[in-house]
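# Examination of the molecular architecture
Chain residues, written in single-letter form:
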Amino acid sequence: MAASQIFNFSAGPAILPPEVFERAASSVLELRSNAHARDGEGIGLSLLEISHRSKDFDAIHTGAIALVHEVLGIPDSCEVLLLQGGASLQFGMIPLNFAAAGRTACYVDTGSWSANAIKESKVVAETRGHETAVVASSKSSSYDHIPALPASLPEQACYLHVTSNNTIFGTEWESLPEVDTPVIVDASSNIGSRPMGLERATFGYAGAQKNLGPSGVTLVWYQREWVAAQPPQAGVPMILRYKTHADKGGLYNTPNTFGALVLKLMLEWVRDNGGVAGMATRNQAKADALYTLLDSSSLYTPLAKSGSRSRMNVVWRLGGAPSGQEDALTKRFVKEATAAGFSGLQGHRSAGGCRASIYNAFPLAGVTALCEFMQEFERKG
Ligand SMILES: *Cc1c(COP(=O)(O)O)cnc(C)c1O
């Protein structure tokens, strides 16, 4: 939240609502006793200097977890943890905790993050001895769609891992797949953006820095009974076992206390703005505006096939540029957009082109303004 008039399309760490920035900033100066920055008595201390075992932090921590259930609809049968290490640590922890010799860890490869998860499963398998199966992939078409699942999964499947939204290539599952195998979902970049059945996952996780708060805190939830029934974890360091964290109420070691507060503030903001259903309406309107423009343009070409298009990350190329000039024109587009106050539109280096990340906190006004800018850019050539 810097100077006004900059629309921040960053893919992550990403935009947060102004109220969340204000409350978080005020808690850094002095925490309020009810963990809200606006009301409640000041406690005379900053959030950043109090113990994670204090009652003031406990109110933040338990409040955040309660909101994960209430706002995101995660069932009470699930454990909720706020861990560190990012979504990427989960790529390794998942096979360490849930795969074993004789079992097959199944993955759908829908882009760079899925590929990283698959890579970690293969590394872990060097000692755990499980198989890693890529059961569906859209790699051969540059990850432009969500591939169909095979009619059946391998007999020894221990889980099916999917990435609900592909931040880099801009594709998204319409809803979480319904299969007999436990589904594990990396929901880092579309959690809380619309109802899509994430709460049905046996295990889910999300790095907070896209839709839930700052970097350095990762939301993890899972069905307690399923995790309790998993193979023994010989050789797995204590800190990499979910049980260690759950047994200590999520406070095995010092959590990211600031991250927990911002995640809580963000979920309060979602709740107060119509909940996940309210987010869905806003997000659909934003995405529709951009895709309508892309589909009707002769300069801009969307990367994702319809039916698989992300409402969170809209990716396009300047594919209608005269031959040989696309790169130069893309550079000029990003440069002029930046100068006009549209920040963060450069596409990821592995996908190229441009990307507008329009997470929950991103305002419709910013999309409308970008659409006008894009039409003007195309018109004047
Ligand atoms: C950003 C992102 C990640 C990586 O998150 P880190 O917290 O940086 O490890 C993983 N998966 C998805 C879908 C992402 O968008």
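Our structure is the block above this text.
Read on for a plain summary of the structure. Since the structure is predicted, the reported quantities are computational estimates derived from the model, not experimental observations. (Residues numbered from 1 in each chain as written. Predicted model: local features only at pLDDT ≥ 70, side-chain atom pairs only at ≥ 80, totals over all residues. Heavy atoms only, no water.)

## Regarding the pairing of strand β9 (residues 203-207)
Most of β9 sits out of view: 5 of its 5 residues are buried. A two-sided burial pattern is seen for β9, the buried positions comprising F203, Y205 and G207 on one face and G204 and A206 on the other. Summarising the sheet, strand β8 (residues 183-186) and β9 pair through 3 bridges and their orientation is parallel. By the bridge assignment for β9, I184 is matched with F203. Here 5 bridges tie β9 to strand β10 (residues 218-223), and the two strands are oriented antiparallel to one another. In the sheet register, Y205 faces β10, and the bridge partner there is V220. (Buried < 20%, exposed > 50% of the residue type's maximum accessible area, 1.4 Å probe, protein only. Helix = DSSP H or I, 4+ residues; strand = E, 2+ residues; numbered from the N terminus. Pairing = 2+ DSSP bridges.)

## Some thoughts on the sheet that holds strand β5 (residues 157-163)
Picture the strands of a sheet paired through backbone hydrogen bonds; they go either parallel or antiparallel. The strand order across the open sheet formed by 7 strands is β2-β10-β9-β8-β5-β3-β4, and the pairing between neighbours is mixed. Each edge of the open sheet carries a strand with a single partner, namely β2 (78-83) and β4 (131-137). Here the average twist between neighbouring strands, direction ignored, is 15 degrees. Relative to β2, helix α2 (residues 55-72) is tilted by about 125 degrees, and along the sheet it contacts β2 and β10. Across the sheet, helix α3 (residues 86-98) is in contact with β2, β3 (104-109), β5, β8, β9 and β10; its angle to β9 comes to roughly 160 degrees. (Axes fitted to C-alpha atoms, helices over the stretch in contact; angles between N-to-C directions. Contact = heavy atoms within 4.5 Å.)

## Regarding the pattern of salt bridges
Throughout the structure, instances matching the rule amount to 15 salt bridges. In this structure, E172 engages R194 in a salt bridge whose closest nitrogen and oxygen atoms are separated by 3.3 Å. On the criterion of sequence distance, the pair formed by E172 in strand β7 (residues 171-172) and R194 in the loop between β8 and β9 is long-range, its members being 22 residues apart. The exposure classification of E172 matches that of R194, with both residues buried. Linked through salt bridges whose partners overlap, the residues forming this network are E172, E174, R194 and R311. (Salt bridge = Lys/Arg side-chain N within 4 Å of Asp/Glu carboxyl O.)

## So, the site of the ligand
Around the ligand, the structure places 13 residues, and the nearest of them are S88, T167, D186, Q209 and K210. With respect to the ligand, the side chain of T167 contributes an N or O atom lying 2.4 Å from an oxygen atom. In this structure, an oxygen atom belonging to the ligand sits 2.9 Å away from a side-chain N or O atom of Q209. Classifying every residue of the shell around the ligand by side-chain character gives 3 nonpolar, 8 polar and 2 charged. (Near = heavy atom within 4 Å. Polar contact = N/O pair within 3.5 Å; in protein donor to acceptor, adjacent residues only side chain to side chain. Nonpolar A, V, L, I, M, F, W, Y, C, P; charged D, E, K, R; others polar.)

## Focus: a nonpolar patch on the surface
Together, M238, I239 and Y252 make up a nonpolar patch on the protein surface, roughly 260 Å² of accessible area in all. With respect to the helices and strands, Y252 occurs in the loop between α6 (242-247) and α7 (257-272). With relative accessibility at 33%, the residue Y252 sits in the partly exposed group. (Patch = residues over 30% accessible without salt bridge, like charges linked within 9 Å, V, L, I, M, F, W, Y side chains within 5 Å. Areas by Shrake-Rupley, 256 points an atom, 1.4 Å probe, with all protein chains shown as cover.)

## Some points on the pairing of β3
Of all 6 residues in β3, 6 are buried, a share of seventy percent or more. Burial along β3 is two-sided: the residues T104, C106 and V108 and A105, Y107 and D109 are all buried. Sheet analysis places β3 next to β4, joined by 6 bridges and oriented parallel. Paired with D109 across the bridge in β4 is S137. In this fold, the crossover linking β3 to β4 by way of helix α4 (residues 112-128) has right-handed handedness. One ladder, built from 4 bridges, connects β3 with β5; its direction is parallel. If you follow A105 over to β5, its bridge partner there is Y159. (Right-handed = clockwise from strand over helix to strand, strands pointing away.)

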